[in-house]
Amino acid sequence: MIPNFDGRRRPQFIAFHNGHLITDYILDYIIDAAMRGLMTVSAEKLLLIPDTRKGPADLFGLRFIGKFLKSDCITLKQLIRKMRKSPNRPKSPKNGPKT
């Protein structure tokens, strides 16, 4: 996984594109690019599902996805908004009165 330099731990999600699971490191790159403002229209609609994978991997390296609520799933655009409004972000100093 890509290290998170701002000190926060990013929530773990999985996503699918055309029925195929997007690998973790590619999803991290997509989220990092979206945080920098580089987001396509299709990436805005990318549905992120909470990572509930369990058990050992099968022959193809896939694992069983556990149950999750539909309300726990969010789009990438909603995640970026939530991460930007996070209270852990350093606040910019307010400008004083002009002289």
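Keep in mind that this is a model prediction, so the values were computed, not measured. (Residues numbered from 1 in each chain as written. Predicted model: local features only at pLDDT ≥ 70, side-chain atom pairs only at ≥ 80, totals over all residues. Heavy atoms only, no water.)

### Considering the nonpolar core
Formally: Put simply, buried Ala, Val, Leu, Ile, Met, Phe, Trp, Tyr and Cys residues joined by side-chain atoms within 4.5 Å make one nonpolar core. Burial here depends on accessible area, computed with a 1.4 Å probe over protein chains only, as a share of the maximum for the residue type. Under 20% is buried, over 50% is exposed, and the range in between is partly exposed. The helix count covers DSSP runs of H or I at least four residues long, the strand count covers runs of E at least two residues long, and both are numbered beginning at the N terminus. Contacts are residue-level and defined by heavy atoms, with any inter-residue pair within 4.5 Å sufficient.
If you look at the biggest cluster of nonpolar residues, it comprises 14 residues, and the most contacted ones within it are A15, L27, I31, L46, L48, L76 and L79. For this core, the element with the highest residue contribution is helix α3 (residues 76-84), accounting for four residues. Apart from residues no more than four positions distant in its own chain, L46 is found in contact with A15, F16, I22, L27, I30, I74, T75 and L76.

### Quick look at the environment of S42
Worth spelling out the cut-off: Under the rule applied, a polar contact is a pair of N or O atoms within 3.5 Å (in protein, one hydrogen donor and one hydrogen acceptor; residues adjacent in sequence only if both atoms are side-chain atoms).
Tracing the backbone shows S42 in helix α2 (residues 41-44). Assessed through its relative accessible area of 56%, S42 is described here as exposed. Placed 34 residues apart in sequence, S42 and L76 show a C-alpha to C-alpha distance of 9.8 Å. A polar contact is formed between the side chain of S42 and the side chain of T40, at a distance of 3.3 Å.

### Brief notes about the sheet that holds strand β4 (residues 47-50)
The condition that has to hold: The criterion for strand pairing is that DSSP finds at least two bridges linking the strands in question.
In spatial order, the strands read β1-β4-β7; together these three strands make up an open sheet with antiparallel pairing. Of all the strands in the sheet, just β1 (13-14) and β7 (74-75) have a single pairing partner and so form its edges. Here β1 pairs with β4 via two bridges, running antiparallel. Looking at β4, one finds that I14 is bridged to I49.

Interpretation note: all reported values are geometric properties and have no functional meaning in isolation.
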